Structure formats: structure tokens, C-alpha cells
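A look at the structure
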Amino acid sequence: MIKVSLVVAFYKQDAFVSDVLDGCWNQDYENLEIVIADDASPDATWARIEEYVATHPTRHTVRLHRHAQNVGMMG
């Protein structure tokens, strides 16, 4: 089965983290990798991502990445 990577990028979206990640966690493809990236959000986005991942087990592979500084859409 082909591995599929689902990439989710966040920037200043702390209010939507749970809704977005619920959708990712509910995917039924067997060989799914979820890559979650935050572009140095100044709000609580990263904390909410970390909390969600820590408290919501999933059968999918999850990779987290946070930029040290905002690089924008083209970075």
C-alpha cells in the first residue's frame, strides 16, 4: 500500500486546531502519515497542537515541525 502524507500547515489558528486535527485523525487510509507544521505562530497554536497530539492517540504516523521564525507562505 502506498504511503500518503497529509500535510497540515498552521499560522495563528489556535481556535481551529482541534477541528482540523479531528478531521485528520478520522481518516481511514491505512498507510497515512500526518505532518503538522506551525509557522512560528505568536498565539497558542503550537501549544494546542502539542496538547492535541499528546491526548489523542492515533494509528497514523504523526510528525511535528515548528519553524523558529515565521517564514511565510513561500518559505
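Overview of the structure. Because the structure is predicted, anything quoted here is derived from the model rather than measured.

1. Let's talk about the environment of valine 71
Positionally, valine 71 belongs in the segment after β3 (61-66). Under the relative-accessibility criterion, valine 71 is labelled partly exposed at 40%. Between the C-alpha atoms of valine 71 and threonine 45, which are 26 residues apart in sequence, the distance is 16 Å.

2. Quick notes on the layout of surface pockets
To find leftover empty space, a probe the size of one water molecule is rolled over the atoms. Size it by volume and the largest pocket reaches roughly 220 Å³. If you go around the largest pocket, you meet 12 residues; those closest to its centre are Ala9, Phe10, Asp39, His67 and Gly72. Residues of the lining of the largest pocket, tallied by class, amount to 6 nonpolar, 4 polar and 2 charged.

3. Some words on helix α1 (residues 17-25)
An α-helical turn contains 3.6 residues, so any two residues separated by three or four positions project in the same direction. Buried residues of α1: Val17, Leu21, Cys24 and Trp25, and no others. Buried residues of α1 fall within an arc of 95 degrees about the axis and therefore sit on the same side.

4. Section: the pairing of strand β2 (residues 32-38)
Where burial is concerned, most of β2 is hidden: 6 out of the 7 residues are buried. In terms of strand pairing, strand β1 (residues 4-10) meets β2 through 7 bridges, oriented parallel. Bridging across to β2, valine 8 finds its partner in isoleucine 36. Two strands pair when backbone bridges link them, and β2 and β3 are joined in this way by 6 bridges, in the parallel orientation. By the bridge assignment for β3, aspartate 38 is matched with arginine 66. In this fold, β2 hands off to helix α2 (residues 45-55), which returns the chain to β3; that crossover is right-handed.

5. What to know about the packing of aromatic side chains
With the rule as written, the count across this model stands at 1 aromatic pair. When the ring of tryptophan 25 is compared with that of tyrosine 52, the centres are 5.1 Å apart and the planes differ by 85 degrees; the resulting orientation is edge-to-face. Residue tryptophan 25 is found in helix α1, and its partner tyrosine 52 is found in helix α2; the two are separated by 27 residues along the sequence. With respect to burial, tryptophan 25 and tyrosine 52 carry one shared label: buried.

Rules of the game
- The numbering scheme is per chain: residues are counted from 1 as the chain's sequence reads.
- Owing to the predicted nature of the model, reporting of local features is limited to residues with pLDDT of at least 70; listing and counting of side-chain atom pairs is limited to 80 or more, with chain, interface and lining totals taken over all residues.
- In computing side-chain values, all of the structure's heavy atoms are included and hydrogens and water are not.
- Think of it this way: any DSSP run of H or I at least four residues long counts as a helix, any run of E at least two long counts as a strand, and we number them from the N terminus.
- For every residue, the accessible area (1.4 Å probe, protein chains only) is compared with the maximum for its type, and the residue is labelled buried under 20%, exposed over 50%, or partly exposed between those bounds.
- Points on a 1 Å grid, built from protein atoms alone, make a cavity when a 1.4 Å probe fits but cannot get out and make a pocket when they are open with protein on both sides within 12 Å along at least 5 of 7 lines; residues with an atom within 4 Å of a point are the lining residues.
- Grid points are joined across faces, edges and corners, and a volume is the space filled by probe spheres set on the points.
- Residue polarity follows a fixed list, in which Ala, Val, Leu, Ile, Met, Phe, Trp, Tyr, Cys and Pro are nonpolar, Asp, Glu, Lys and Arg are charged, and the others, Gly among them, are polar.
- Within this analysis, the arc is defined by the directions that extend from the helix axis to the C-beta atoms.
- At least two DSSP bridges between two strands are required for those strands to pair.
- For crossovers, right-handed means that the path from the first strand over the helix to the second runs clockwise, given strands pointing away from the viewer.
- Note on aromatic pairs: the rings of Phe, Tyr and Trp (six-membered ring only in Trp) are paired at centre separations within 6.5 Å, and the planes decide the class, stacked below 30 degrees, edge-to-face beyond 60, tilted for the rest.

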